[in-house]
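# Understanding the architecture of this molecule
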Amino acid sequence: MTGGPRLWGFAPPQQVPQLGWLGADYSAQLVHDLSQGLLRQDPGTHVIAVKCEGVPLLKSGGVDASGAVRAHDAAFSLEILLSDGVGRSWRLRGRWTYVGRELGTFRAQITHYWELRTAEQV
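## Let's talk about the overall build of the protein chain
Broken down by element type, the protein chain carries one helix and six strands. Oriented by its inertia axes, the alpha-carbon framework of the protein chain measures out at about 55 × 25 × 25 Å. Within the protein chain, buried positions represent 34% of all 122 residues. Nonlocal contacts in the protein chain, meaning residues at least 24 apart in sequence, comprise 54% of its contacts between residues at least 6 apart. For the protein chain, the exposed area adds up to about 7,100 Å²; of that, 52% sits on carbon and sulfur atoms. Here the protein chain holds 12 positive side-chain charges and 11 negative ones, and the gap between their average locations is 3 Å.

Shown next, in the form of structure tokens:
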């Protein structure tokens, strides 16, 4: 992400092939989705940095008759540094989760949500 937030702590995509359902660059997709969600809440938000604080928690399920896995969840513990619409700096910690269902079918759906654990002004 040239010109985007600084990212660190994310495993290279080739080390987590089980995240392929999120696209070729899962960390860029995550930061894009996260940033869009924050911008909906406060249009002046600017994400400065995102740190993945550990290995993502991965869960698979929903195997169809052919043996293909059609459901995946991936949860990431994150620390986010941002400035809000009035210029205050914040450190947020929480969990970003993707939920994929019916993957590999025409009914495929990927949703995501954020669980805020702490927010501190810095």
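## Describing the nonpolar core
In this structure, Leu 19, Leu 30, Val 50, Phe 76, Leu 78 and Ile 80 are the most contacted members of the largest nonpolar core, which totals 22 residues. When neighbours within four sequence positions are excluded, Val 50 is seen to be in contact with Arg 6, Leu 7, Trp 8, Phe 10, Val 31, Leu 34, Leu 78, Glu 79 and Ile 80.

## A few points about helix 1 (residues 26-41)
For helix 1, which comprises 16 residues, the first-to-last C-alpha distance of 23 Å matches the rise-based estimate of 22 Å (1.5 Å per residue) to within 8%. When we look at burial in helix 1, the residues that qualify are Tyr 26, Ser 27, Ala 28, Leu 30, Val 31, Asp 33, Leu 34, Ser 35, Gly 37 and Leu 38. In this fold, the buried residues of helix 1 make contact with strand 1 (6-8), strand 2 (46-52), strand 4 (69-83), strand 5 (89-101) and strand 6 (109-121).

## Observations concerning the packing of aromatic side chains
Under the counting rule described, the total for this entry stands at three aromatic pairs. Taking the centre distance of 6.2 Å and the plane angle of 65° together, the rings of Phe 10 and Tyr 26 count as edge-to-face. With Phe 10 in the loop between strand 1 and helix 1 and Tyr 26 in helix 1, this residue pair connects regions lying 16 residues apart in the sequence. Under the relative-accessibility criterion, Phe 10 is labelled buried at 15%. Of the residues examined, Tyr 26 reaches a relative accessible area of 3% and is grouped as buried. When the ring of Trp 96 is compared with that of Tyr 98, the centres are 6.0 Å apart and the planes differ by 80°; the resulting orientation is edge-to-face. By relative accessible area, which is 1% here, Tyr 98 ends up buried. Every member of this aromatic cluster is reached through a ring pair, and the members are Phe 10, Tyr 26 and Phe 76.

## Considering the pairing of strand 5
Both faces of the sheet carry side chains from a regular strand, because those side chains alternate between them. Pairing of strand 4 with strand 5 involves 13 bridges; the strand directions are antiparallel. Each residue of the ladder has a partner; that of His 72, found in strand 5, is Gly 100. Hairpin connection between strand 4 and strand 5: a loop of five residues separates the two successive antiparallel strands, and Gly 87 in this loop has a positive phi of roughly 95°. Alignment of strand 5 against strand 6, held across twelve bridges, turns out to be antiparallel. Its bridge partner lying in strand 6, Arg 95 is registered against Glu 115.

Scoring rules and cut-offs
Residues numbered from 1 in each chain as written. Predicted model: local features only at pLDDT ≥ 70, side-chain atom pairs only at ≥ 80, totals over all residues. Heavy atoms only, no water. Helix = DSSP H or I, 4+ residues; strand = E, 2+ residues; numbered from the N terminus. Buried < 20%, exposed > 50% of the residue type's maximum accessible area, 1.4 Å probe, protein only. Contact = heavy atoms within 4.5 Å. Areas by Shrake-Rupley, 256 points an atom, 1.4 Å probe, with all protein chains shown as cover. Lys, Arg positive; Asp, Glu negative; His and termini not counted. Charge placed at Lys NZ, Arg CZ, Asp CG, Glu CD. Core = buried A, V, L, I, M, F, W, Y, C linked by side-chain atoms within 4.5 Å. Expected span 1.5 Å × (residues − 1). Phe/Tyr/Trp six-rings, centres within 6.5 Å; stacked < 30°, edge-to-face > 60°. Pairing = 2+ DSSP bridges.

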